[in-house]
6 protein chains.
Amino acid sequence: MTVPDVVTIGETMALLSNPRVGPLRHATSLDLSCAGAESNLAIGLSRLGHTVCWIGRVGADEFGALVRRTLVAEGVDVRSVVVDPDAATGLMVRSRRTDALTRVTYYRSGSAGSRLCADDVDCGVLRTAQILHVTGITPALSASARAAIRYAIEFAAANGVVVSLDINYRQALWPAEQAVLELRELARQADILFATEPEARLIAEGDPAPDSEALAVDLAALGPTQVLLKRGAEGGVACIDGAVQTYTAYPVTQIDPIGAGDAFAAGYLSGLLDGEPVEDRLRRAALAGAFAVSVSGDWEGLPDRAELAMIAAQTSSDEPVVR
Amino acid sequence: MTVPDVVTIGETMALLSNPRVGPLRHATSLDLSCAGAESNLAIGLSRLGHTVCWIGRVGADEFGALVRRTLVAEGVDVRSVVVDPDAATGLMVRSRRTDALTRVTYYRSGSAGSRLCADDVDCGVLRTAQILHVTGITPALSASARAAIRYAIEFAAANGVVVSLDINYRQALWPAEQAVLELRELARQADILFATEPEARLIAEGDPAPDSEALAVDLAALGPTQVLLKRGAEGGVACIDGAVQTYTAYPVTQIDPIGAGDAFAAGYLSGLLDGEPVEDRLRRAALAGAFAVSVSGDWEGLPDRAELAMIAAQTSSDEPVVR
Amino acid sequence: MTVPDVVTIGETMALLSNPRVGPLRHATSLDLSCAGAESNLAIGLSRLGHTVCWIGRVGADEFGALVRRTLVAEGVDVRSVVVDPDAATGLMVRSRRTDALTRVTYYRSGSAGSRLCADDVDCGVLRTAQILHVTGITPALSASARAAIRYAIEFAAANGVVVSLDINYRQALWPAEQAVLELRELARQADILFATEPEARLIAEGDPAPDSEALAVDLAALGPTQVLLKRGAEGGVACIDGAVQTYTAYPVTQIDPIGAGDAFAAGYLSGLLDGEPVEDRLRRAALAGAFAVSVSGDWEGLPDRAELAMIAAQTSSDEPVVR
Amino acid sequence: MTVPDVVTIGETMALLSNPRVGPLRHATSLDLSCAGAESNLAIGLSRLGHTVCWIGRVGADEFGALVRRTLVAEGVDVRSVVVDPDAATGLMVRSRRTDALTRVTYYRSGSAGSRLCADDVDCGVLRTAQILHVTGITPALSASARAAIRYAIEFAAANGVVVSLDINYRQALWPAEQAVLELRELARQADILFATEPEARLIAEGDPAPDSEALAVDLAALGPTQVLLKRGAEGGVACIDGAVQTYTAYPVTQIDPIGAGDAFAAGYLSGLLDGEPVEDRLRRAALAGAFAVSVSGDWEGLPDRAELAMIAAQTSSDEPVVR
Amino acid sequence: MTVPDVVTIGETMALLSNPRVGPLRHATSLDLSCAGAESNLAIGLSRLGHTVCWIGRVGADEFGALVRRTLVAEGVDVRSVVVDPDAATGLMVRSRRTDALTRVTYYRSGSAGSRLCADDVDCGVLRTAQILHVTGITPALSASARAAIRYAIEFAAANGVVVSLDINYRQALWPAEQAVLELRELARQADILFATEPEARLIAEGDPAPDSEALAVDLAALGPTQVLLKRGAEGGVACIDGAVQTYTAYPVTQIDPIGAGDAFAAGYLSGLLDGEPVEDRLRRAALAGAFAVSVSGDWEGLPDRAELAMIAAQTSSDEPVVR
Amino acid sequence: MTVPDVVTIGETMALLSNPRVGPLRHATSLDLSCAGAESNLAIGLSRLGHTVCWIGRVGADEFGALVRRTLVAEGVDVRSVVVDPDAATGLMVRSRRTDALTRVTYYRSGSAGSRLCADDVDCGVLRTAQILHVTGITPALSASARAAIRYAIEFAAANGVVVSLDINYRQALWPAEQAVLELRELARQADILFATEPEARLIAEGDPAPDSEALAVDLAALGPTQVLLKRGAEGGVACIDGAVQTYTAYPVTQIDPIGAGDAFAAGYLSGLLDGEPVEDRLRRAALAGAFAVSVSGDWEGLPDRAELAMIAAQTSSDEPVVR
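Residues numbered from 1 in each chain as written. Chains lettered and ligands numbered in written order. Predicted model: local features only at pLDDT ≥ 70, side-chain atom pairs only at ≥ 80, totals over all residues. Heavy atoms only, no water.

Participant: Explain helix H5 (residues 176-189) of chain C to me, using residue names and the numbers behind them.
Facilitator: In this model H5 of chain C runs 20 Å from its N-terminal to its C-terminal C-alpha over 14 residues, within 8% of the 20 Å that 1.5 Å per residue would give. Of the residues making up H5 of chain C, those classed as buried are Ala-179, Val-180, Glu-182, Leu-183, Arg-184, Leu-186 and Ala-187 of chain C. (Helix = DSSP H or I, 4+ residues; strand = E, 2+ residues; numbered from the N terminus. Expected span 1.5 Å × (residues − 1). Buried < 20%, exposed > 50% of the residue type's maximum accessible area, 1.4 Å probe, protein only.)

Written out as structure tokens, the structure is:
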């Protein structure tokens, strides 16, 4: 079996989404796919040519099969996935009430994915990886999932595996007070930290930062040597080894904003694995984000290597661009 | 508010179904509707011109809104429906692996519908009805739902409301041993009893009946004065006030077998409410079942009064039948 | 301009049909095409290699454009079509309540097509044709349409053009008594007469015929030298120049029964134009009918010459048949 | 039966619309819904929690059933709807030739809806309402419909019911000269008047107003104490009890402009019924309009109470907004 | 047979396109149409009321039938089309990786269309036309196709038929060096020349032009008296009989950029055929281009005469524009 | 890397199929999947739990990516697949003119898959396998593909790998005379031989066999110790180690006949790999074939182990079967 560049752990659910904008109650059919922040990132890294292993639990049902076959099709290593015979694969129902107002309902309480536990962390695989990537969603799922993430981070740290954390605060899943404490603690142990500006304000300590740059520095003060503060279409701020720099987003026609953060993290880690300088990592991250929002779905639009280059060659001439 | 001819109590879920025959994992979209044995029956009765009140719980979510607006659109009285702010509307995922092999997965554990309790039984409405209809699904959902059904039956019996029970044994929901005891006990208290032949064999007492006629008599021995033993496309046997008679199914091109039983019960109760003789009740029941299986969906194909008559006028000539 | 083998006159409407079996009120989209008995026949003849001119009125609207572009695409000559600026193209809404029960609603009262009048009959074209084909639908549309059909038949008869009539009785369009008188009168003037058995019984004079053969003879007694009595899947009876013979239908998997009669007429007239013996005309007619019912839509399944031959070559082996 | 806050009278038709932008003649399927300015408003008010009764005629056909079941599903009181056995439900065919160029064809001449007459005005219900809402479409449909609107307005005025009128000038339905006279006369009798700027210029008397504010005052001079002059995406001007004030539209990604005016009226009347001050009525009206244009369809996007509040909470962060 | 105003020669292929933006490999269905630069132009001219004859080869297969029936439906004269029994109709697979990045794959090597040869040029028809229109695509297909274009141009020139050439450089089809030589040679023989700015730079001789105006003059120096230099959404430059003038594009919501160039050429030639002054030709060309990009598909959005006028009448009022 | 139980070699193409029965020229969209006799078998074996390696060439295009990701998703080993930068992935267009008449058009001449050559045979993998499976399609594709199959068979024979051959005669791909010689020669070298009855008659030597049993013996006389003579819905005849026995097909509602043969071969080889007795191998083969035809698509319906068992448990009761 191939050694994975990256190991990531989390829950991936079946995703049902209303293909039309409007009240879900009027829908007569829903699109079916699957999604999870960590597996989105895994697909992103795989498409960019890295080996990546996703660890999680799915039910012994068709939605679980959908999750596994999708990841396998995308080249993600699923050898450590646990098929839980006693729980169903989680479900996520998504709709857009208006173009700008997305609604999500979860059927994940007690789901196979939420039953993740420390025993599921495949240490044999994890110790061979360069990077462990986790998000702030998993510890919100259950006590055992929280324990799994803590254990994975400790094991990674102890074995020289770089720890990457995307805050991904989901207020629907746990109380803000509990979340802040847990997420801040995880951030302290991370080497690389991804956060949106509201998330950064949530977990940064001390007086409120006057601006994004200061906020990134505040996050770095928690411990991570690489802090990526994301500001959506406005780009963001990076604080890498103490040096602060801003980056801009790539302008595109946005079709679906979901998944941009996972794409950004995938692009950044890809650049890091390739030994690229910070500037190029940020460019790759922004480009991956641009691809992600250009296509409907959480991960469907993620670019491969050839496409990263191709976007630069795109023309506005009358002749269609030929691959 | 109108006085309902029939009150029925149960859980109605959002229904996601694979529009194509084949493995669900290959589906890229699922059809969305809602379904529940009791509300299917309620729709059937409403279309046939009766007033019917459905009691149940839905979540304060879009799927709950879908359930309510569908029932309202079909003329079902939802005044006693409880919107539960603390639980999601249940979900049912259905697919056909082959034309003959249907698979169902439920997301109904802890659902709003399964939190039905005795307090939800609207006695003010129930006491005004002529018939209470329940199924053997509800007691399988939770202890409180079981209590609700028991309470409703007792209240009905005490207030001169006829009790109708459709066995509807769902082996995925509870252990067979528990089911048998509970369902047999409910059957004893019913005036009208609907059962498939396997269900009848499950709950009948004593030595196995040699044939369907004897089996219907065995069921009647439990207490119900009207027993309807359903044998699918082969018709069935009725034991009404001690008299046994067989009936035949109406031959049609079957598109979707689900919902035939609920349609049959609706047709039978409709005839009963109209004071029709047994033979005509059975004919109406079989005709309603024929309509139900002629159309995709659990309840979409149920007939109204005019359509019951129209089917007789259908011709095979070159000229299309004009309404 | 090419000389048409056949001229046909009638109304062609936009056709909206429910793609699913079930109540139309549940539909969220309707399929759009166009249909008319005479233009169905025109398409059938054109596909079989004959030149055919369809005369009718359409509105100066998109549905009228749809009708014209469909006929043009199928090679039908539309030079004599009138675009009526003062009326809308007729509309036909069709659904199947069950597989066997079709419902049709018309929006054709006052339609452009129903405003057909004697002046619309393009005598310059008609006199060059070998056959005029009309149906019993058109005289039911309006007084002016009735006059147009009468005029066309008289003009054809006076100019040595063979008159072909398909009874096509539509009870939704006019009272039975009026229809009988008009249709019987038209039948008297026809050389070729197509009728279903119920239609034949409607217009035949004298005592009811004991069987189909006698009924065909009764029709011939009205005047037509070629009578085609259609009995659907059971085939039918022909009375040609006094000789009675039966024919059988071609067994196929039926998808949509509508249009079989028009296909049959097209196949028969095609054989006649080719100078085929009666037996071969009937075989071609039955084959065209088989193709028509094998495909959804009124005319979409009609065969071309090559396909007529191909059906004979079809195999049931594992290897797909390659054209 | 519940007492309605608002009674509204008009025609609701089946609506067939091309789901793709482009020539309708290329379409192979059309979306099916129903629409009518008055019932759009009724749905808007119902969703906002008000009781509303819609009066109109539909045919005894599936499209009529579609209209009734849609309104019932949306909580609109249809007790006074007349099912006309002698006429078909009207039809509206809509397509967009380009994003900005909408085309509508009506099949409503002689429709059930256009046969509305004074007798259909359910005075028993109307006298209990607080507001009667009518539009300038209905008097254009037929003489009897015109009489119905006049009668309803007179009856309302005589019984202390506030009269609300939306001009809704449809040039396809009647000559401009006739329309001006009739609409101006109706405006004189209205308490509340909604009009677009072109409509206002059409019916205002005297010299052309130099600007929108002056135009609103001119309209108020006709009689109405509440004048709402709508200027689309630019907001508009209100002249309430003599006081002129402007309002702004809510900026959204527009998917379908149709129905914005009906939504605005629903929002305004909702605020009025709630006793809100003018500023809040206008804000609710603008918000309802914003929701309407955010979703495809005339009424599908209309907001409920909870959603009105929710739009304020919408964020642009990476995390989807969770209901 | 009608005398064609314009004759055009080229290859038309079946077009399969991914209806969703994103990787083609995820698609589960593809839209089917047909497309070819020359037949797009032919449809454009036909819709604008001109007679136009398209010459090309298709296979004796369903895709060939699709091409022919589409052109016939659009009123294009296909009398000279060759049905090649020995080769398949070419195929074009198109998808959009992002909104701005189109990908095309051809299955046209050895296709029927690429087997076009000089013998296929129907001189009898060509000599009666006013204009011959060809593109730089055809000579890239094969040696025989190249010969056909050369022969057609020579024949046209010799018979007083105006020669119109759209450069349409397709780098996927042939090497740049070969293309430059061939295209420049063809341009020398053209009376009317259409080129995008990159194409113009490719074939213009001498030092690079400093700006678009100079570039247009450089093209004119090759021989054509009418040069149209297209700059997409920015409009372009015309050099007509030595006079240089710029034109602007018509601003619209763009849905599909493909086909704009063909539409522009159709609009220009239409104006020329009508004897319009240069300014009006350019306006019609820009308007046709605007329609083309407003609708999905290469030619589906092309305007007819009435629509050219209608776009001016479009309003932004609340009332839908009624045809 | 896992050692494969079976290695198979062939061409897999993108598959475009008309979702509706009828002329392909009327289609406006085509379903997209991929198909190839050998990869269908590979998927069938993989689902039944065996390791299987598919060897073939695909283009460096999206259709090639579709082929690879589909096979990867189904667990097929694609390590030896060659991505050919110089040729496109083959294409197959399929439609059903009637329910019983399938048409296929290939775009595979010069395709990547047809450029398969002896060098592509991965001997390192092949020598570790238990079975090599090839079909009579591949040698028809090109001289190099023919050489590849011959080489693979020789290498397998020399290395103790069992050779399995499915005749799969495709008359559209090569002349019958050439095919007979080549296929007969390959059959001589096979250990296991699958053939339909017409294929058997084609390649058997000597006088025509009087019946299927004799025909199977004739095939065995060519060399194979295991001959499977398939007779579609009628079952077939096996001649295994000289013993002749018949088997019956499993009766199911057939949705799509294509792929039944590949499924049969997969089931048979699966049983063989499991060391099952002949009777059980035949039963598994027939069951796999039944699943294949129950679902639309060449391979989508193939069963996994659990499903093979499940079909036996299917009931016809009113209660849906729950997995």
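Further notes follow.
Participant: Go over the sheet that holds strand E12 (residues 226-230) of chain F with me, naming the residues and quoting the values.
Facilitator: Residues and elements named next belong to chain F. Spatial strand order, E4-E1-E9-E10-E11-E12-E13-E14: eight strands in an open sheet with mixed pairing. Each edge of the open sheet carries a strand with a single partner, namely strand E4 (52-55) and strand E14 (243-247). Along the sheet, successive strands turn relative to each other by an average axial angle of 15°, direction set aside. Where strand E1 (residues 6-9) meets E4, four bridges bridge the pair, whose relative direction is parallel. Residue pairing across strands places Val-6 opposite Val-52, the latter belonging to E4. The sheet contacts of helix H7 (residues 212-221) involve strand E11 (192-196), E12, strand E13 (236-240) and E14, and relative to E12 the element is tilted by about 140°. Its contacts with the sheet place helix H8 (residues 260-273) against E1, strand E9 (131-135), strand E10 (162-166), E11, E12, E13 and E14, and it is angled at close to 155° to E11. (Pairing = 2+ DSSP bridges. Axes fitted to C-alpha atoms, helices over the stretch in contact; angles between N-to-C directions. Contact = heavy atoms within 4.5 Å.)

Participant: Give a detailed account of the relation of the copies chain A and chain B, specifying residues and quantitative values.
Facilitator: Applying a rotation about an axis and a shift along it to one chain copy brings it onto the other copy. In the superposition of chain A on chain B (RMSD 0.0 Å, axial shift 0.0 Å), the rotation amounts to 180°. The transformation just described matches what one would write down for a two-fold rotation axis. Scanning chain A for the C-alpha nearest the rotation axis identifies Leu-30 of chain A, at a separation of 2.7 Å. Interface overlap between copies is the fraction of interface residues in one copy that are interface residues in the other; for chain A against chain B it reaches 100%, indicating a shared surface. (Least-squares fit on C-alpha atoms with pLDDT ≥ 70 in both.)

Participant: Can you lay out the side chain of Arg-146 of chain C for me, pointing to particular residues and giving the numbers?
Facilitator: All names here are of chain C. Note on placement: Arg-146 falls in helix H4 (residues 143-158). One buried charged residue, Arg-146, remains without a salt bridge, the closest side chain of opposite sign being Glu-182 at 4.4 Å. Not counting the four nearest positions on each side in its chain, Arg-146 is found in contact with Thr-138, Pro-139, Gln-178 and Glu-182. (Lys, Arg positive; Asp, Glu negative; His and termini not counted. Salt bridge = Lys/Arg side-chain N within 4 Å of Asp/Glu carboxyl O.)

Participant: I'd love a proper account of the interface of chain B and chain C, names of residues and values included.
Facilitator: Facing the 25 residues of chain B at the interface are 24 residues of chain C. Seen at the junction of chain B and chain C, the total is three salt bridges. Of the charged contacts, one joins Arg-20 of chain C and Asp-31 of chain B as a salt bridge, the two residues approaching to 3.1 Å between their closest N and O atoms. The tally of links from chain B across to chain C stands at eight residue pairs in polar contact (both at pLDDT 80 or more). Mapped onto the side of chain B that touches chain C, the elements with two or more residues apiece are helix H9 (278-294) and helix H10 (305-313) of chain B. (Polar contact = N/O pair within 3.5 Å; in protein donor to acceptor, adjacent residues only side chain to side chain.)

Participant: Give a detailed account of the relation of the copies chain B and chain C, specifying residues and quantitative values.
Facilitator: When chain B is fitted to chain C, the residual RMSD is 0.0 Å, and the transformation amounts to a turn of 120° plus an axial shift of 0.1 Å. Here the symmetry operator amounts to a three-fold rotation axis.

Participant: Which residues make up the interface of chain A and chain B, and what values go with them?
Facilitator: Facing 23 residues of chain A, the contacting portion of chain B comprises 23 residues. Overall, the association of chain A and chain B removes approximately 2,100 Å² of surface from exposure, summing both partners, and the carbon and sulfur fraction of that is 60%. Per-residue buried area on chain A facing chain B is highest for Arg-25, Glu-62 and Tyr-107 of chain A; these three make up 33% of the total on that side. Along the contact surface separating chain A from chain B lie four salt bridges. Across the pair Glu-62 of chain B and Arg-25 of chain A runs a salt bridge, and its minimum N-O distance is 2.8 Å. Viewed at the interface, chain B and chain A are joined by eleven residue pairs in polar contact (both at pLDDT 80 or more). For the side of chain A that touches chain B, the secondary structure elements donating two or more residues are strand E3 (29-35), helix H2 (62-73), strand E7 (91-98) and strand E8 (101-107) of chain A. In terms of residue count, H2 of chain A provides more of the side of chain A that touches chain B than any other element does, five residues in total. Looking at the side of chain A that touches chain B residue by residue, the classes come out as 13 nonpolar, four polar and six charged. (Buried area = accessible area lost by both parts, 1.4 Å probe. Nonpolar A, V, L, I, M, F, W, Y, C, P; charged D, E, K, R; others polar.)

Participant: Could you give me a rundown of the packing of helix H8 (residues 260-273) of chain E against helix H9 (residues 278-294) of chain E, with the residues and numbers involved?
Facilitator: Residues and elements named next belong to chain E. Axis separation between H8 and H9 bottoms out at 7 Å; the angle between their running directions is 145°. Regarding H8 and H9, the two cross each other, and that crossing is right-handed. For the pair H8 and H9, contact is made by Ala-260, Ala-263, Phe-264, Gly-267, Tyr-268, Ser-270, Gly-271 and Leu-272 and by Arg-281, Leu-282, Arg-284, Ala-285, Ala-286, Ala-288, Gly-289, Ala-292 and Val-293, respectively. (Left-handed = near helix turned anticlockwise from the far one by under 90°.)

Participant: Quick one: what's the story with the nonpolar core, residue by residue and with numbers?
Facilitator: All names here are of chain F. Core analysis: the biggest nonpolar cluster contains 49 residues, and Val-7, Ile-9, Leu-132 and Leu-219 have the highest contact counts within it. Per element, the largest residue contribution to this core is seven residues, and it comes from helix H4 (residues 143-158). Beyond its immediate stretch of four places on either side in the chain, Ile-9 contacts Glu-38, Ile-55, Leu-116, Val-121, Leu-132, His-133, Thr-138, Ile-149 and Ala-152. (Core = buried A, V, L, I, M, F, W, Y, C linked by side-chain atoms within 4.5 Å.)

Participant: Any chance you could break down the packing of aromatic side chains for me, citing the residues and the numbers?
Facilitator: Applying the stated criterion across every chain yields a total of 33 aromatic pairs over all chains. Here Tyr-151 of chain C and Phe-155 of chain C contribute two aromatic rings whose centre-to-centre distance is 6.2 Å and whose plane-to-plane angle is 40°, an arrangement assigned as tilted. Of this pair, Tyr-151 of chain C and Phe-155 of chain C both sit in helix H4, separated by four residues, roughly a single helical turn. Residue classification places Tyr-151 of chain C among the partly exposed positions, given a relative accessible area of 32%. Three or more aromatic residues joined by ring pairs form one cluster here, namely Phe-63 and Tyr-107 of chain A together with Phe-63 and Tyr-107 of chain B. Positioned over the ring face of Tyr-106 of chain E is Arg-108 of chain E, at 4.7 Å from the centre of the ring. (Phe/Tyr/Trp six-rings, centres within 6.5 Å; stacked < 30°, edge-to-face > 60°. Lys NZ or Arg CZ within 6 Å of the ring centre and 35° of its normal.)

Participant: If you had to explain the state of the cysteines to someone new, which residues and values would you point to?
Facilitator: Residues and elements named next belong to chain C. Applying the stated criterion to the full structure yields zero disulfides over all chains. With no disulfide of its own, Cys-123 has Cys-117 as its nearest cysteine by sulfur position, at a separation of 12 Å. Exposure remark for Cys-123: the relative accessible area of 16% places this residue in the buried category. (Disulfide = S-S within 2.5 Å.)

Participant: Go over the confidence of the model for chain A, please, and point to the residues and values.
Facilitator: All names here are of chain A. Per-residue confidence for chain A gives a mean pLDDT of 94; residues scoring 70 or more make up 96%. A low-confidence stretch, residues 314-323 stays under pLDDT 50, and its non-local contacts, those more than four residues away or across chains, total 29 contacts. Overall fold confidence for the complex sits at a pTM of 0.94, while the interface term, ipTM, reaches 0.92. (pLDDT = per-residue confidence, 0-100.)

Participant: An account of the pattern of salt bridges is requested, with residue identities and associated values reported.
Facilitator: Counted under the stated rule, the structure contains 144 salt bridges over all chains. For the salt bridge of Arg-188 of chain A with Glu-205 of chain A, the shortest nitrogen-to-oxygen distance reads 3.2 Å. Taken as a pair, Arg-188 of chain A in helix H5 (residues 176-189) and Glu-205 of chain A in the loop between helix H6 (197-203) and helix H7 (212-221) lie far apart in primary sequence, 17 residues in all. Classification of Arg-188 of chain A by relative accessible area gives partly exposed; the value is 36%. The partner of Asp-274 of chain F in a salt bridge is Arg-305 of chain F, with the nearest N and O atoms 2.6 Å apart. Residue Asp-274 of chain F is located in the loop between H8 and helix H9 (278-294), and its partner Arg-305 of chain F is located in helix H10 (residues 305-313); the two are separated by 31 residues in the primary sequence. A residue is classified by how much of its surface remains accessible, and Asp-274 of chain F, at 31% relative accessible area, is partly exposed. Look at Arg-305 of chain F and you get partly exposed, because its relative accessible area is 38%. Shared partners join several salt bridges into a network, and the residues in it are Arg-25, Arg-97 and Arg-103 of chain A, Glu-62 of chain B together with Glu-307 of chain D.

Participant: Describe unusual backbone geometry, naming the residues involved and giving the relevant values.
Facilitator: Positive phi values are uncommon outside glycine, yet Asn-168 of chain A reaches one of about 45°. Relative to the elements of secondary structure, Asn-168 of chain A occurs in the loop between strand E10 (162-166) and H5.

Participant: Any chance you could break down the sheet that holds strand E2 (residues 13-17) of chain D for me, citing the residues and the numbers?
Facilitator: Taking strand neighbours across the sheet as the criterion, the eight strands line up as E8(C)-E7(C)-E2(C)-E3(C)-E3(D)-E2(D)-E7(D)-E8(D) in an open arrangement whose pairing is mixed. Among the strands making up the open sheet, the edge pair consists of strand E8 (101-107) of chain C together with strand E8 (101-107) of chain D. The sheet shows a mean angle of 30° between the axes of neighbouring strands, direction not considered. One ladder, built from five bridges, connects strand E2 (residues 13-17) of chain C with strand E3 (residues 29-35) of chain C; its direction is antiparallel. Across the sheet, the residue bridging to Met-13 of chain C is Ala-35 of chain C, located in E3 of chain C.

Participant: An account of the side chain of Thr-12 of chain B is needed here, citing residue identities and associated values.
Facilitator: All names here are of chain B. Structurally, the position occupied by Thr-12 is in the loop between strand E1 (6-9) and strand E2 (13-17). The exposure class assigned to Thr-12 is buried, which follows from its relative accessible area of 1%. Within the local environment of Thr-12, its side chain forms a polar contact with the side chain of Ser-39, the two groups lying 2.8 Å apart. Discounting residues that sit within four places of it in the chain, Thr-12 has contacts with Cys-34, Ala-35, Gly-36, Ser-39, Trp-54, Val-67 and Thr-89.

Participant: Go over the environment of Ala-290 of chain F, please, and point to the residues and values.
Facilitator: Residues and elements named next belong to chain F. Along the chain, Ala-290 turns up in helix H9. Residue Ala-290 is classed as buried on the basis of its relative accessible area of 5%. Placed 198 residues apart in sequence, Ala-290 and Met-92 show a C-alpha to C-alpha distance of 24 Å. Not counting residues within four places of it along the chain, the set of residues in contact with Ala-290 comprises Tyr-250 and Val-252.

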